[in-house]
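Structural description and commentary
In case you want the letters, here they are:
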There are 2 protein chains.
Amino acid sequence: MPKRVDHDLRRRQIGEALLRIASTRGLQAASMREVATEAGVSLRLVQYYFHTKQELLLGALAYLGEQLSARVEAHIRALGMPPTPRSLVYGTLTAILPTDAESRRLTRTYAAYYALVLAEPALAADHGATYPDLLERFLAGHLRTAQRSGQVDPDLDAPTTAAGLLALTNGLGSSVLGGQRDGDAALAILTYHLDRLFGGSPGGSAAGPAPEAS
Amino acid sequence: MPKRVDHDLRRRQIGEALLRIASTRGLQAASMREVATEAGVSLRLVQYYFHTKQELLLGALAYLGEQLSARVEAHIRALGMPPTPRSLVYGTLTAILPTDAESRRLTRTYAAYYALVLAEPALAADHGATYPDLLERFLAGHLRTAQRSGQVDPDLDAPTTAAGLLALTNGLGSSVLGGQRDGDAALAILTYHLDRLFGGSPGGSAAGPAPEAS
DNA sequence: ATTTTGATGATACGTTCGTATCAAAAACGC
DNA sequence: GCGTTTTTGATACGAACGTATCATCAAAAT
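Residues numbered from 1 in each chain as written. Chains lettered and ligands numbered in written order. Predicted model: local features only at pLDDT ≥ 70, side-chain atom pairs only at ≥ 80, totals over all residues. Heavy atoms only, no water.

Focus: the overall build of chain A
Within chain A one finds nine helices and zero strands. Taken from the N to the C terminus, the helices and strands of chain A come in the order α-α-α-α-α-α-α-α-α. Counting every position in chain A, which comprises 214 residues, the buried fraction comes to 48%. For chain A, contacts bridging at least 24 residues in sequence account for 68% of all contacts bridging at least 6. (Helix = DSSP H or I, 4+ residues; strand = E, 2+ residues; numbered from the N terminus. Buried < 20%, exposed > 50% of the residue type's maximum accessible area, 1.4 Å probe, protein only. Contact = heavy atoms within 4.5 Å.)

Looking at the layout of surface pockets
Space inside the second largest pocket adds up to approximately 610 Å³. Residue lining of the second largest pocket: 24 residues in total, with A:His193, A:Arg196, A:Leu197, B:His193 and B:Arg196 positioned closest to the centre. Taken together, the elements giving at least two residues each to the lining of the second largest pocket come down to helix H8 (158-177) and helix H9 (183-197) of chain A together with helix H8 (158-177) and helix H9 (183-197) of chain B. A breakdown of the residues in the lining of the second largest pocket according to their chemical character gives 12 nonpolar, eight polar and four charged. (1 Å grid on protein atoms, 1.4 Å probe; cavity = no way out; pocket = protein on both sides within 12 Å on 5 of 7 lines; lining within 4 Å. Points joined across faces, edges and corners; volume = space filled by probe spheres on them. Nonpolar A, V, L, I, M, F, W, Y, C, P; charged D, E, K, R; others polar.)

Some thoughts on the packing of aromatic side chains
For the coordinates displayed, the defined rule picks out two aromatic pairs over all chains. The interplanar angle of 80 degrees and the centroid separation of 5.1 Å between the aromatic rings of A:Tyr48 and A:Tyr49 together place this pair among those described as edge-to-face. (Phe/Tyr/Trp six-rings, centres within 6.5 Å; stacked < 30°, edge-to-face > 60°.)

Quick word on the pattern of salt bridges
Considering all chains together, one arrives at 16 salt bridges over all chains under this definition. The partner of A:Glu102 in a salt bridge is A:Arg71, and the shortest N-O contact between them spans 2.7 Å. On the criterion of sequence distance, the pair formed by A:Glu102 in helix H6 (residues 101-119) and A:Arg71 in helix H4 (residues 53-78) is long-range, its members being 31 residues apart. Looking at A:Glu102, the relative accessible area reads 38%, which means it is partly exposed. Its salt-bridge partner being B:Arg25, residue B:Glu34 comes within 3.2 Å of it at the nearest N-O pair. The class for B:Glu34 is partly exposed, based on a relative accessible area of 32%. With a relative accessible area of 38%, B:Arg25 lands in the partly exposed category. (Salt bridge = Lys/Arg side-chain N within 4 Å of Asp/Glu carboxyl O.)

Comments concerning the UniProt feature "DNA-binding region" (unreviewed entry) in chain A
The sites that carry the UniProt feature "DNA-binding region" (unreviewed entry) are, in the present numbering, residues 31-50 of chain A. Note that residues 31-50 of chain A is 75% helix and 0% strand, and that its end C-alpha atoms are spaced 13 Å apart. (UniProt positions renumbered as here; feature names shortened; annotations may be inferred.)

Quick notes on the relation of the copies chain A and chain B
Rotating chain A by 180 degrees about the axis while translating it 0.0 Å along that axis superimposes it on chain B, leaving an RMSD of 0.0 Å. Overall, the copies show the geometry of a two-fold rotation axis. (Least-squares fit on C-alpha atoms with pLDDT ≥ 70 in both.)

Observations concerning the packing of helix H4 (residues 53-78) of chain B against helix H6 (residues 101-119) of chain B
Residues and elements named next belong to chain B. Contact geometry of H4 with H6 gives a least axis separation of 11 Å together with a crossing angle of 140 degrees. Classed by the angle they form, the pair H4 and H6 counts as oblique. Helix-helix and strand crossings are classified by hand; for H4 and H6 the assignment is left-handed. From H4, Leu57, Ala60, Leu61, Leu64, Gln67, Leu68 and Arg71 reach across to H6, where they touch Glu102, Ser103, Arg105, Leu106, Thr109, Tyr110, Tyr113 and Leu116. Partitioned by chemical class, the residues of the contact of H4 with H6 number nine nonpolar, three polar and three charged. (Axes fitted to C-alpha atoms, helices over the stretch in contact; angles between N-to-C directions. Parallel < 35°, antiparallel > 145°, perpendicular 65-115°, else oblique. Left-handed = near helix turned anticlockwise from the far one by under 90°.)

Overview of the interface of chain A and chain B
Interface size is often expressed as the accessible area that is lost when the parts come together. With 38 residues of chain A at the contact, the number on the chain B side is 38 residues. Buried surface at the junction of chain A and chain B, both sides included, amounts to about 2800 Å², of which 59% is carbon and sulfur. Linking chain A with chain B are two salt bridges. At the surface where chain A touches chain B, the tally comes to 12 residue pairs in polar contact (both at pLDDT 80 or more). Mapped onto the side of chain A that touches chain B, the elements with two or more residues apiece are helix H1 (7-25), H6, helix H7 (127-148), H8 and H9 of chain A. Per-element accounting of the side of chain A that touches chain B gives the leading share, 12 residues, to H8(A). (Buried area = accessible area lost by both parts, 1.4 Å probe. Polar contact = N/O pair within 3.5 Å; in protein donor to acceptor, adjacent residues only side chain to side chain.)

Section: the environment of B:Ala78
Position of B:Ala78 among the secondary structure elements: in helix H4. A sequence separation of 13 residues divides B:Ala78 from B:Gly91, and the C-alpha atoms of the two residues are 8.1 Å apart.

Some words on the side chain of B:Thr92
All names here are of chain B. The residue threonine 92 is located in helix H5 (residues 85-95) in this model. You can call threonine 92 buried: its relative accessible area is 0%. Separated by 2.6 Å, the side chain of threonine 92 and the backbone oxygen of leucine 88 make a polar contact.

Structural notes on the packing of H1(A) against helix H2 (residues 32-39) of chain A
Helix-helix packing: each pair is described by the crossing angle between the helix axes and the interaxial distance. Residue and element names in this part refer to chain A. Running from N to C, H1 and H2 point in directions that differ by 110 degrees, and their axes come no closer than 8 Å. Here H2 runs roughly perpendicular to H1, going by the angle between their axes. Each of Gln13, Ile14, Ala17, Leu18, Arg20, Ile21 and Arg25 in H1 lies in contact with H2, whose residues at this interface are Glu34, Val35, Glu38 and Ala39. Residue composition of the contact of H1 with H2, by class: six nonpolar, one polar and four charged.

Some words on H8(A)
All names here are of chain A. Between its terminal C-alpha atoms H8 stretches 28 Å, which fits the 28 Å expected from 20 residues at 1.5 Å a residue. Counting buried residues in H8 gives 17 out of 20 residues, a clear majority hidden from the surface. Downstream of H8 by one or two residues, glycine 179 has phi in the positive range, about 85 degrees. (Expected span 1.5 Å × (residues − 1).)

A short note on helix H5 (residues 85-95) of chain A
Along H5(A), 10 of the 11 residues are buried, which leaves the element largely enclosed by surrounding structure. Taken together, the buried positions of H5(A) are occupied by A:Pro85, A:Arg86, A:Ser87, A:Leu88, A:Val89, A:Gly91, A:Thr92, A:Leu93, A:Thr94 and A:Ala95.

Structural notes on the confidence of the model for chain A
For chain A, per-residue confidence averages 90 on the pLDDT scale, and residues scoring 70 or more make up 89% of the total. Below pLDDT 50 for its whole length, residues 203-214 of chain A participates in 11 contacts with residues either more than four positions away or in separate chains. (pLDDT = per-residue confidence, 0-100.)

What follows is the structure, given as structure tokens:
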């Protein structure tokens, strides 16, 4: 048996090269040739692992989703264990806010794909609609938990509040990428709203364990 | 003197043809030839009025800004005269939420330009940064007025709240365009937050008439 | 060392793009 | 109807794109 190479790894290397181009110069600059150069491989190899460009775009989009999920998880973990409802909401939202180089890259790439999907809905058959939905339900669940433990006003509608928080964070992210304000200013606005929501007190106590992120 | 034609009008007709394409098929589908076809003129004429494509993109972006401003104004007016602080905030935010065909077209086009500007910042020299800023200051000012007249909690930070409302609206708009929810659901979430902000009571002196669907 | 798989190279096809260059025709105020 | 302006026509260029097709080279497991 001859040379063995992890095909999934190669595909990932090439796909992430595309994501790197998309984050800096946009998806329209991500031609097959440019991706090959960025990945340090030949054009022929890109064609070898992705028979068509649509395949490449879809594969890279999947990698982007994984990177985003990983960052959200890491951000939640960074706020201490075990996670409280507050740290889960806070960590999730601050993870997708472009405040550092990595989150800027992720959100810029996401924005590029978002525009592409708007023009060509066939690209995100179901990936685009379910992922934000999952995030929203995740937030709503923990908000409800926080309501039950008295950290959040129980009169609030949890799903509506969760949708509002996620939309707020996305909108703040857009304003940061658009150059309207910097990441710290956006983070300040987000924490202002979160602190108002969570009643100012650090709270948390020894509340019950929360559902798990996927 | 021979045939006289309003050059500004011609430029507008061509520019708006580009906006129409951008709203449905994205900016990458808006080639000079496609714009000419959409506008019902020859490619040569597009080149006559816009010497380069960048000129065309910039000109059309200006028209988009005018259309957006006009819609915001019309939406505010539709909420009754004279406008109250509440109707000004409500009208501004609902105007830029994709709830009907026109607002969907506007926000989709705006999203397409947003992605283009992210990849090519030279396109929106100052147009991109100042317009949302103006909107935000506009909202903050009327929020402060509402605070002084007791319709809004005076403990709130007006600029931060205004930035949050605008970001919330933009984020909700993105979720609508992305197919996560429909315009009515987004409008319900927005009004939920606005009603909480404005203390639930219709307030605003002689309570204004209900918003109108367009 | 042979065999199988991974990787490169060079190149080409057909399309579309932005842009440019000829020219001629059509419309309209005087 | 003259003359100026607007508009169209027919192409053409070079470049970049996605895709495809040759053949060859390198590497590693048996």
